[in-house]
Structures are given as C-alpha cells and as structure tokens.
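# Remarks on the overall topology
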Amino acid sequence: MKSTIRRAALVGASVAALATACAPAIAQDAIALPEIDVIGTTPLGGDGLDRDKVPANVISVGGDQLRTSGSATVQEGLFQNAPSVNISDVTGNPFNKDVFFRGFQASQQNGAPQGLAVYQNGVRVNEAFGDTVNFEFIPTVAIDRLDVWTNNPLFGLNALGGALSFQTKSGFTFQGVEIESQIGSFGRREGSAQWGTQIGNWAGYLAIEGARDDGWRDFSASHLKRVFGDVGYKTDTSEIHLNFTYADSKLGVVGPTPFELLEQRRRNVYTGDQINENEMGMLNLQGKFEVTDTWSLQANAYYRRYRSDRVDGNDTDVRPCPDDPTLLCLEADDFGAEEGDDRLLVRDPVTGRPIANTFYPQDGEYGPGTTPGSIERSHIRTTSAGGTLQATNESELFGRKNHFVIGAAYDFGKTDFRGESELCIIPEDLQCIGTGQKYYTLIPGGIIPVDLEAKNHYLGLYATNTLDVTDKLSATIGARWNYARLILNDKGTIVPLNEDGLPAGPNLDGKHSFDRFNPMAGLTYKIAPNVTGFVSYSESNRAPTALELGCSNPDIPCPLESTLVSDPPLEQVVTRTGELGFRGSFDSFLGGALNWSASIYRANNSNDILNVPSEITGRGYFLNAGDTRRQGLELSAQYMAEKWAVYANYSYIDATFRKSIRLASPNNPASEGYGEDDDDDIAAAADDDDNAGTIHVRKGDRLTGIPDHQFKFGAAYRVTPAWTVGGDAQIMSGQYYLGDESNQNKKLPGYAIFNVNTSYQVTEQLRLFGGVKNLFNKKYSNNATFFETDDIGFLGLEDPRSITPARPLQVYVGLNMKFGAKADPVLVTKY
C-alpha cells in the first residue's frame, strides 16, 4: 500500500511540472516525496483513514499545483488538474469565476443554484445569506492541499455534488522564506511572501498576497489582498493551531455583453458600473488530541465577519408617466396594470411622494445621456460563529481493523441585508450616471427597498465506520442528520399593494425549519496489490437560503442584488448519488510510473431550486423546478519517466431535467410570443395565454451552462537539470445558453485552449519562470444568456444573445526566491 501511494505522489509531482509554479518539481529530487496514505473523511479531518479504503473517487491536489500557469486563483488551478471540473466566467472577472464539479456549482453570484460545500480548515465558508462562495478569500499561497470529495453527506448542507476541503500550511510543514512576484498582460501584477519557522514545540507561519489587474475589458479592473497566519503547538499526543485569515477585494464584474456589441469591439461592456467590494476576517482555533491508544479527539471553534457592498448599473422600466410626463412611472404593460394606476408611480422612499421628472425627456425621445437607468445597491454584513467536536476510534471490531468517527457541528450566522435603487442616466459608454434620487414603487414586482435581518442556525450530527471485512474488502457505513433553522426579521421593507390598494402580502418576517437524515454506504475491494475497486451510495440535502426564501414568488420577482419580498416557501433539495469505479498504480510501466482511475456516477436531485428570469426587466425569482439528474464518466491517467511526464483527464457529464416543466424565459427567441413588435400585442397574448414569454422544458432536456465533454492533457520535459518546459490544454464541448433550458437554440460553441510555460533554476535560491496562456488567441466564451434587445433604444440591437468573452492571449513572467525554505513535500495530485 505504501509503495502504491509513494508512486502516486511521484506521478503527482509530474503533474506539477505542467505549469509554471510547479514545473520545477521535476527538476527536484522526486524521491524525497513522502508516503501519504491517509485522508481526513470529514470537514474537520484529523481522523486519517487509509485513502484506498475510501469508496469514492476523491481527488487531492497539492497547494503548489493550484498556483499553476501564473494564476492567482484556486478556480483555474482546480480546473486544469481535476476531471469533471469546469469554470464559468459569469462576471468577466478572473478572480470571480464559478466552479462546476460534476455539474454542481459553487459561485459568488446571488441567484446561482449552489451545490457544493466549501471548507477551509474545517470551517464552512459558504456565506450564510445565500450559500455563495467568495473564492478570492481563499489564501492561495498558504494552501497545503485540497481534497475534492464526491458523494459524502458528512460534509453537511450543500454537499449535493461534493465538497472542496482546503487545508493550510503551518510552521510545522513550512520553514524558511519564499517570495514570488510576477507581471503579465493587461496590467496584471501579483506578489506573495510566506514565512515559517519551528522552535521546539512551537511553530509560526505567515503568508501575504496581493494582486492587481487592469482588466482586458473596459471597466473591469480589480485588486485584492490576503493575509493568513498560524501559530501552532505540538506534542507527542496533541496539536493545537490558532489561525487567522483576512481578505479584501474590489472586483470589476462587467458580465455578459450583447453579441452585436462584441462584434464591434471585443472589449465592450454593457451597462454598469458593476463593482463588488468584499472584505472578510476569520479566527479559527483547532486541535487534535490522542486520549488513549485508540481514541482521539478533533475540535475547532471559529469566529468570522463578512462585508459585501455591490453596485449594479442597469437599464430600467422607469419612464415618464403617459398621462402626466412631469412624473415618473413604471411601464404599465410589463406589470399587467392599466395606465394611470397610482401603484406605478415612482416615489421617494423618504417622503413617499411621487418623484418629479427632472431627469428624462418628457417626449420619450431617448438617446445617450437621456436614457433612463437604475443603479441597484446591496449591502451585506454577516457575523458567523460555530464549531465542531469529533471523536475517532481505531479499536478492532470482531478482530478486524476498524475506523469509527462520530461528531457534532454547529454554525450560526447573523446577516443584515439592505437593498436600494437609485435613478440614473445611461450615457454613450453605458456606465450609469447616478442622479442621487433613490426610489421605490408600490406595485407588485416593482422596485421595493429592503432592510432585513436573517439568522441561520445549522446543526449537524454525523457518524461513519469503516471495517476491514477481509484483508481485501472494506465496508463503510455512515450518516449525517442536518437541521437548519432560518429566522427572518423585517426591519422596514415597503410592502406592495394589490389592485384594491391593500397589502399584496405580509412583510418578510418568517421562521423556517428544515431537517433530514442522510445515509451513506460503500465498499472497496483490493482486486490486485495495485488495483482497487469501489462502489458507494449516499444522500445529501440543501436547505433553501434566506435569499431564496425571500424571492420565490413569480408574481413579485426580485432584482436580486437589492430587494426581497415575502414569498411562498420552498422545499429543500435532496440528492441521491451512486458511484462505481477503479483506481490503480504501476511502479514500472514502460520505464516509468503510471497512475490511473476510472469511475461512473449518477446523482438524482429532487426539488432542484433554479433562478428563473421574469418578464420584468432585470428581475427573477426562485422555484423548485422538479427533478434533475447529473450522471457521467471520469477517466484519468498520469505517467512519469525520468525526464518527462504526461497526464490526461476525460469526463462526460449528462445533466438533464427528469420532469417536464414550463419556465419563464421572456428573452429567449424560442419562447412563446417572442418577437412581437408591439408591447400591446404581447400584453394581449399574455392575457389570453398564460404561457406567453415561457418555454416548455421536457424530460431529457439538458441543463444549461454545463459542457457535456471535457478533455484535459499536458506534458513536461526536463531539458536540463535546471530548465523545464511544459504545456497543457483544456478542450470543452458546447453548452446551452442560460435561459435555454428547452434546448431550442444553438449551443454556445465549444473551445480548445492551449498554454505553454517554462522555468529556469538560476541558483539554489532563484528561479525564473514565464509562459503564455491561450497561446493561439482563441476567441471563446464559457458563459452566455439572453437579454431584452430594446432596453436601450439608441443602441439599435436586434440579436438577444449576450456573452461573456474569455480572455485573449496573455503573457506572464516572474521570479521566485527561497531563503532557507523547507517544506514537507506534499501530495500534488491523487485520484
């Protein structure tokens, strides 16, 4: 077993050579890599189960490898090195990309269907308000390893498709000083420094990172900084760490742009400004203690603060009132109302009085500098705290080796959310100019400011047991009970009025509870000394978030960055997953070492929650969209010889709806009633046919935004002991546009991206590196949707496709300096 893991580690080192930061791994003494044969099976970890007894295709990636190809983001490193992982550039920002694993998503975007749980040192970092994930908060240079879990309910809420578990470095695993700096295309500047030391039983570690990027598209500059520190104390029977994380970012999130504007100029953006400013600080105390020869305890306690301020400039349905153009109203047709309805009047949130039209032409002739717009602002302040207590027992059972873990976790979150809207003017560059006039309306579906307090109480009780039934066969059973309690306290939301002038619904006050018992079971079998087979079944659940519960009424849709409304309750999502696979390693295969894995899986979702666009511009709502399925195949192989290495990953993901459903998609060219020239005709169609502006999704239609086929490969060659060259490629098939769940339009085309890199070890302390990403300057996109073409009339747009273009060719160079740096060699990639 140990020789197998050592071979895997050797092969993993070769993968590191395929990108800049890791290319020198081949040039180093690979024999120094340790034998890593255990893995933590829970978010807290520390229980140390033999990896080959895990009945799932768990992927482990070393921290250095996540910094490959000159990237400062963990998303790109994970995308390059793990099968079934793809990224989506929804916002057009390199630090803010969404991660998909087996068709399940982790995203910073409010409204995305979150399906992955993310942990840092045992702390769940999905944000309390919407389960979003701010990947730019992860201290990249401080990552020791990342474990990507598939079907394991022990990782709690949101682990529908799996979990990402980050473990960081400490002074016990890294000593010395390492400094790295690089520059690249589009004003990219990055720098990092890490220091670690051990003095007796004590150790300290500190990492500092910073990055600036001017953005290759207009108005897309970003900057971020991160700090991570750890103080540790270790004896023969215990180890305690106190670590802190701080991150601050300002990201220009330009998002999708109409296809016709991109044809004119690839750097063009649509309405703005769109800026996310985020800040986070976290303290985490964690420890593990050997109580007896067979019993040990693991525990952590954390405190976390999160701040987010977002600005989103958009077009709007606000226009001069038809019957009195000296006042402002929402367009009646979009709300199924009659002209002259007082609920359409745009009002001042302080006085409650109608706002005089001193901003826009009263004759309805709009152009650059006179077109109405709206700036949506949201403010999130979250305080969270919690902890986990876990016990592990290694006593034999029935005379056989046995691994037992039992634990309890509690997480509390308190969020203050405020959202507001401001009238603006859209100029020629489409970046809204604010008027300073905040506003609201009283009609359902209109502009409704919100001031909300949300509290989350999450409790999890879990246990798992792995028994060696024979020397070759191991059986695992386990379960986790999840309990979620959400309390919403409305601190002053304005309630819309119905046709009779009465409140259209209650305020946002509410109490919601969800619970579920999620079982798991699996087997591993040692077919040969170097080949293992595994099979497993598990269940997991996701409770609706405060954001989703507050925006689930199709009659009162929300602009997600600013408003919420009182809505019908949502059901929790339940995923049932089965997996079957094999993995193996060969010491001597054609003169080198080979590591491989193959697996198939099926994950069925019940009551899947989707964010659906409304017919009203810039708004949407959440609903339970019935059953969906994600199933597929994963193949991976890695080979390393003395001077060169290659790897290849292939995955097929079949993500489909399993029940027919009708969804709103008013800007989809295939939706019913699309293309009517007169708004009155559309309104009449809507009166006669409730299906106007909708699409009919049938069983078997594919989920959007997920490429069916993914193929990744790379190679590295050690030209001399000091000089390494390498390259890699990612090839993705096409995917359906967001909003085309009925699959009636052409797919967004697939793409193939090639990257090259090189590094040279000048001295023992100094290494130079450089490379080119998107070598052939491929014009492609991995995110697309539809928009309303007549929102901004002076643009004269007709094509409803809206696309986020990916970055073109990029060049980067950098240097790395080490002074007395010594790190425990860690696993780079293991399947």
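Now for a description of the structure that goes with this document. (Residues numbered from 1 in each chain as written. Predicted model: local features only at pLDDT ≥ 70, side-chain atom pairs only at ≥ 80, totals over all residues. Heavy atoms only, no water.)

The next thing to look at is the state of the cysteines. Applying the stated criterion across every chain, the model contains one disulfide. Note on cysteine connectivity: Cys321 is disulfide-linked to Cys329, with sulfurs 1.9 Å apart. When the S-S torsion is 90°, as for the bridge of Cys321 with Cys329, the disulfide is right-handed. Side by side, Cys321 and Cys329 carry an identical accessibility label, which is buried. Free cysteine Cys424: the closest other cysteine sulfur is in Cys432, separated by 3.1 Å. When its relative accessible area of 11% is taken as the criterion, Cys432 is described as buried. (Disulfide = S-S within 2.5 Å. Buried < 20%, exposed > 50% of the residue type's maximum accessible area, 1.4 Å probe, protein only.)

Moving on, we come to the environment of Ile792. Secondary-structure assignment places Ile792 in the loop between strand S40 (781–786) and strand S41 (801–805). Look at Ile792 and you get buried, because its relative accessible area is 1%. In the structure, Ile792 is positioned 424 residues away from Pro368 in sequence and 9.2 Å away in space, judged by C-alpha atoms. Excluding its chain neighbours within four sequence positions, the residues that come into contact with Ile792 are Tyr270, Thr271, Asp315, Ile426 and Leu430. (Helix = DSSP H or I, 4+ residues; strand = E, 2+ residues; numbered from the N terminus. Contact = heavy atoms within 4.5 Å.)

With that settled, consider helix H3 (residues 74–81). Of all the eight residues making up H3, eight are buried; the element is thus mostly covered by neighbouring parts of the structure. Taken as a whole, H3 has its buried residues at Val74, Gln75, Glu76, Gly77, Leu78, Phe79, Gln80 and Asn81.

Here the focus is the sheet that holds S40. Sheet strands associate in pairs through backbone hydrogen bonding, adopting either a parallel or an antiparallel arrangement. Strand order across the open sheet formed by three strands is S16-S41-S40, with antiparallel pairing between neighbours. The open sheet terminates on both sides in strands that have one partner only, identified here as strand S16 (257–258) and S40. Where S40 lies against S41, four bridges are found, and the strand directions are antiparallel. When the sheet's bridge partners are listed, Thr785 is paired in S41 with Ser802. (Pairing = 2+ DSSP bridges.)

A sheet is described by the order of its strands in space; here three strands give the open sequence S4-S5-S6, paired in antiparallel fashion. Edge strands, defined here as strands with exactly one partner in the open sheet, are strand S4 (85–88) and strand S6 (104–106). Taken pair by pair, the neighbouring strands of this sheet meet at an average axis angle of 30°, ignoring direction. Strand contacts of H3: S4 and strand S5 (98–101), with the helix running at about 140° to S4, the strand carrying the most contacts. (Axes fitted to C-alpha atoms, helices over the stretch in contact; angles between N-to-C directions.)

Below, the discussion takes up the packing of aromatic side chains. For the coordinates displayed, the defined rule picks out 17 aromatic pairs. Plain terms: the ring middles of Tyr205 and Phe228 are 6.2 Å apart, the flat faces sit at 55° to each other, and that makes the pair tilted. Placement of Tyr205 in strand S13 (residues 202–213) and of Phe228 in strand S14 (residues 222–234) is noted, with a sequence separation of 23 residues between them. For the residue pair Tyr205 and Phe228, the accessibility class agrees, reading buried in each case. In textbook terms, an aromatic cluster arises when at least three aromatic residues are bridged by ring pairs, as seen for Phe711, Phe713, Phe754 and Phe776. (Phe/Tyr/Trp six-rings, centres within 6.5 Å; stacked < 30°, edge-to-face > 60°.)

The subject of this paragraph is the nonpolar core. One finds Leu78, Phe129, Leu164 and Phe166 to be the most contacted residues of the largest nonpolar core, which totals 58 residues. Leaving out residues up to four positions away in the same chain, Phe166 has contacts with Leu66, Val74, Val118, Tyr119, Gln120, Asn121, Ile138, Ile143, Arg145 and Leu146. Cys321, Phe335, Leu344 and Ile425 belong to the second largest nonpolar core, which has 18 residues in total. (Core = buried A, V, L, I, M, F, W, Y, C linked by side-chain atoms within 4.5 Å.)

The tally for this structure, following the rule as stated, stands at 39 salt bridges. When the shortest N-O distance is used, the salt bridge between Glu127 and Arg304 registers 2.9 Å. Of the two residues, Glu127 is situated in the loop between strand S8 (123–124) and strand S9 (143–149) and Arg304 in strand S18 (residues 295–315); the sequence distance between them amounts to 177 residues. Taking the relative accessible area as the measure of exposure, Arg304 reaches 5% and is therefore buried. (Salt bridge = Lys/Arg side-chain N within 4 Å of Asp/Glu carboxyl O.)

We now examine unusual backbone geometry. Geometrically, the link from Gly272 to Asp273 is a cis peptide bond, its omega value of -5° lying close to zero. Following the sequence through the fold, Asp273 ends up in the loop between helix H4 (259–264) and strand S17 (274–290). Its identity is not glycine, yet Asn158 carries a phi of approximately 80°, on the positive side. Considering the arrangement of structural elements, one finds Asn158 in the loop between S9 and strand S10 (162–168).

Bear in mind that shape data such as this cannot, by itself, settle questions of function.
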